[in-house]
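Listed below are the residues making up each chain.
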Amino acid sequence: MIMRKYILILPLLLSFAFASCQKDEISGESIFKETESRYTEFDDWLHRHYVEPYNIRFEYRMPDRETSFGYWVSPPNIKESIMIAKLIKFTTVDAMVEMMSNDNENEDPTLFVKKYFPKVVFMVGSFEISSSGTVALASAENGLQINILGVNFFEYHKDAERIAGTMLHEFTHILDGIYASPAEFKDVTPSDYVGDRYTSLTEDPLKKGYVSNYARSSFAEDVAETGGRLINLTEAEWEQLYARAGADGGAKLRRKHDILKKWLKDSYGVDSDRWSEIYHRRVSQLDSLDWESLDD
């Protein structure tokens, strides 16, 4: 990407230098032109459902200043961007509003999203693949932005639940950055974090008290992995994890589950059981979602 920029800019610099030799006066007009983006029907839909109610910018044009220069990345297709925008609205944003809704007319159920949801959702067409071969599906940046990667490969029948779950993971990172999760969470498994070596682990992470190998990479990822599953796993599925983990691993997992459940309630007023029930109902309704229409 950096090389491409130099190739584009170099002819301009050369032509400018040549012109400077021909005359003494230099024009005050910039050689860098802002590219005007056409306002589309999708932009109008995003304004109605993201900008106007929540002041969230859903960025699908992928300005290069927002991307990581450590990777070669490509812009997202408009079709898949529309589908993911609808998916995130339905399973994440709308679910949060429903979760915070009650019979008290004096309380605004949208306040949780307005206050804590990142102000930018950024789409990238390709995945980011590191030199070690790990593939990044998404990332969160300083509580302000969530990046969704691999947009061009999105197929809702097989990828919708993955992205919905990824949003929960990244949003847990953001919540953890605002009101830090309890230090006692780390004390449950204080000596089993392995950094980047998580990719080569062969033992069952459940036996160690982790929901995944990735959770073993760091304390922060353990919180995000466990917190995300607090919502996208049912209580019955958690019980299955405890059983598979055995007595020691199961006790550790249960302790982590209970710590984060209390943290969400005490710090954010979030009933994770209610959130999970709403999330699963909405995921079960995805087949009835109109993935293409921008009329609503």
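Quick caveat, the model's predicted, so the values are computed rather than measured.

Observations regarding the environment of Tyr-39
Turning to its location among the elements, Tyr-39 is positioned in the loop between helix H1 (2–22) and helix H2 (41–54). A relative accessible area of 53% places Tyr-39 in the exposed class. Excluding residues that lie within four positions of it along the chain, Tyr-39 makes contacts with Asp-44 and His-47. Of the polar contacts made by the side chain of Tyr-39, one reaches the backbone oxygen of Asp-43; its length is 3.5 Å.

Observations concerning the pairing of strand E6 (residues 145–148)
The side chains of a regular strand alternate, residue by residue, between the two faces of the sheet. Residues Gln-145 and Asn-147 point to one face of E6 and Ile-146 and Ile-148 to the other, with burial holding for every one of them. Pairing of strand E2 (residues 120–123) with E6 involves 4 bridges; the strand directions are parallel. Of the residues in E6, the one forming a bridge with Met-123 is Ile-148.

Quick look at the environment of Leu-206
Looking at where Leu-206 falls in the secondary structure, it is placed in helix H7 (residues 205–208). For the pair Leu-206 and Ala-245, spaced 39 residues apart in sequence, the C-alpha separation works out to 4.7 Å. Leaving out residues up to four positions away in the same chain, Leu-206 has contacts with Val-211, Leu-241, Arg-244, Ala-245, Gly-249 and Leu-253.

Examining the packing of helix H8 (residues 219–232) against helix H9 (residues 235–268)
In contact at an axis separation of 10 Å, H8 and H9 are set at 95° when each is read in the N-to-C sense. Considering their axes alone, H8 and H9 lie roughly perpendicular with respect to each other. Contacts between H8 and H9 involve Asp-222, Val-223, Thr-226, Gly-227, Arg-229, Leu-230 and Asn-232 from the first element and Glu-237, Trp-238, Lys-256, His-257, Leu-260, Lys-261 and Leu-264 from the second. Across the contact of H8 with H9, the residue classes break down as 5 nonpolar, 4 polar and 5 charged.

Calculation criteria
Residues numbered from 1 in each chain as written. Predicted model: local features only at pLDDT ≥ 70, side-chain atom pairs only at ≥ 80, totals over all residues. Heavy atoms only, no water. Helix = DSSP H or I, 4+ residues; strand = E, 2+ residues; numbered from the N terminus. Buried < 20%, exposed > 50% of the residue type's maximum accessible area, 1.4 Å probe, protein only. Contact = heavy atoms within 4.5 Å. Polar contact = N/O pair within 3.5 Å; in protein donor to acceptor, adjacent residues only side chain to side chain. Pairing = 2+ DSSP bridges. Axes fitted to C-alpha atoms, helices over the stretch in contact; angles between N-to-C directions. Parallel < 35°, antiparallel > 145°, perpendicular 65-115°, else oblique. Nonpolar A, V, L, I, M, F, W, Y, C, P; charged D, E, K, R; others polar.

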